[in-house]
Structure formats: structure tokens, C-alpha cells
Amino acid sequence: MKRSILIHPDPRLKKVCPPVDDLDDGLRKLASDMLETMYDAPGIGLAAPQVGEMKRLIVLDCVKDEGEEPRPLIMFNPQIVARSEETSSYEEGCLSIPEQYAEITRPAEVEVSWMDQNGAPQTEAFDGLWATCVQHEIDHLNGKLFIDYLTPMKRQIITRRMQKLKREKARV
Ligand code: NI
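Residues numbered from 1 in each chain as written. Predicted model: local features only at pLDDT ≥ 70, side-chain atom pairs only at ≥ 80, totals over all residues. Heavy atoms only, no water.

> Help me understand the pairing of strand 4 (residues 87-94) in this model?
Regular strands place side chains that alternate from one sheet face to the opposite one. In this structure, strand 4 lies alongside strand 5 (residues 97-107), joined through seven bridges in antiparallel fashion. The partner of T87 across the bridge, within strand 5, is P107. Counting the residues in the hairpin turn of strand 4 and strand 5 gives two residues. (Pairing = 2+ DSSP bridges. Helix = DSSP H or I, 4+ residues; strand = E, 2+ residues; numbered from the N terminus.)

This is the structure:
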């Protein structure tokens, strides 16, 4: 089932989400709903607070080439356990901040630990777009958006655009 995605500014996008303790069918259903919502958008990552669920859960799939096998990842309680000193910059966007993009610099490689949909612990190193995406999504669980890396002035411009967009949406 597709969920609706919260648009910035929304207080739920600014909160720190508590960890998930016990995996149950409700949480697995939420993860699969989030993947459906992400693919439909389309996007390459989605965090639970973006659909109004305050839980440490993210989904991502950064496979972009057509013809390449999709690789949906479901991460409960993801944690960055190591980051490279080397950085890389990507033009980032966010499904909660539609059609706004900005170049953000982050560690080029990160090692992430998480619990998968079967409750098994996983650890993997990510680089390239995957590294950017997983860091962006984990930020969401801490109430942080990519625009928080920008200057207050740029952030304000984008926030005003989003307020306007939300007003227009509310009218229809
Ligand atoms: Ni985002």
C-alpha cells in the first residue's frame, strides 16, 4: 500500500526517531509499503518519518541503470560505524522537498550496521551514490534534512517555496 509523503516544513520531519525493538508483521508491512512508495515516487531512498512513522527504519535502492537488478534494502536501526576522511559531493534532493536540489558534501564511504527484515544483523560498506543516500536517510531519523547543510538564507528560500507549494496543494 502506497503511503503519502510528508512535505517540509512538518514538525515530524524534525524529530529524533526512537529505535525499533521487536520486529513484527506491522513493521515488515511498513517497510514494504515504504519501498512501494519510494519506487512509485520515484526515489532512491525513504525514511519512516517521511511517511509519518516515528521509527528508525529506512529503505533504499540506488540501482539506477535500467536492465540492472533492483537491490531494495530495508534497514532497521541503521548506524554509521565508520566514515572515510575523503569526501564527495552530490546534487541531493528529497521526496519531502520536491524539485529542490543542492550540492552536499559528505564522507565518500561509510560502513553501516543495521538489522534486516528477518532480524539479522548486517554490516556493509557503501560508496558512491549509495553512501550519499544512506547518510541522507539516516539523517532523517535524527530530524535532519539535506537543507540543514545549506546556509540559513538558502534554507529559508527553499522552505518558503515549500510553504507555498503546501498552500497550493491544500487549495485543490
Ligand atoms: Ni530525504
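> Which parts of the structure should I look at to understand the environment of L60?
Along the chain, L60 turns up in strand 2 (residues 57-60). Sequence separation of L60 and S32 is 28 residues, and the distance between their C-alpha atoms is 11 Å. With near-sequence residues (within four places) excluded, L60 lies in contact with M38, I44, G45, R71, P72, L73, M75, W130, C133 and V134. (Contact = heavy atoms within 4.5 Å.)

> I keep staring at the packing of aromatic side chains and nothing clicks. Help me out?
Working definition: an aromatic ring pair is given by the centre-to-centre distance plus the angle between the planes. Evaluation of the coordinates by the stated rule reveals two aromatic pairs. Consider the rings of W114 and F126, whose centres lie 6.1 Å apart with planes at 35°: the pair is tilted. One end of the pair, W114, is in strand 6 (residues 109-115); the other, F126, is in strand 7 (residues 121-127), with twelve residues separating them in the sequence. Overall, W114 belongs to the buried group, its relative accessible area being 6%. In this structure F126 comes out as buried when scored by relative accessible area, which is 4%. Between the aromatic rings of F126 and W130, the centroid separation amounts to 6.1 Å while the plane-to-plane angle is 20°, which identifies the pairing as stacked. The two residues F126 and W130 agree in class, both being buried. An aromatic cluster of at least three residues, connected via ring pairs, comprises W114, F126 and W130. Over the ring of W130 we find R71, and its NZ or CZ is 5.7 Å from the ring centre. The ring of Y149 has K144 sitting right over it, with the charged end atom 4.3 Å from the ring centre. (Phe/Tyr/Trp six-rings, centres within 6.5 Å; stacked < 30°, edge-to-face > 60°. Buried < 20%, exposed > 50% of the residue type's maximum accessible area, 1.4 Å probe, protein only. Lys NZ or Arg CZ within 6 Å of the ring centre and 35° of its normal.)

> Would you mind showing me how to read the pattern of salt bridges here?
A side chain with one charge can pair with a side chain of the opposite charge if their charged atoms come near. Under the definition given, this model contains twelve salt bridges. For the salt bridge of D25 with R28, the shortest nitrogen-to-oxygen distance reads 3.2 Å. One end of the pair, D25, and the other, R28, are both in helix 1 (residues 25-40), three residues apart, so they sit about a helical turn from each other. D25 sits in the exposed class, given a relative accessible area of 61%. The salt bridge partner of K55 is E53, with a shortest N-O separation of 3.1 Å. Taking the relative accessible area as the measure of exposure, K55 reaches 27% and is therefore partly exposed. For E53, a relative accessible area of 22% puts it in the partly exposed group. (Salt bridge = Lys/Arg side-chain N within 4 Å of Asp/Glu carboxyl O.)

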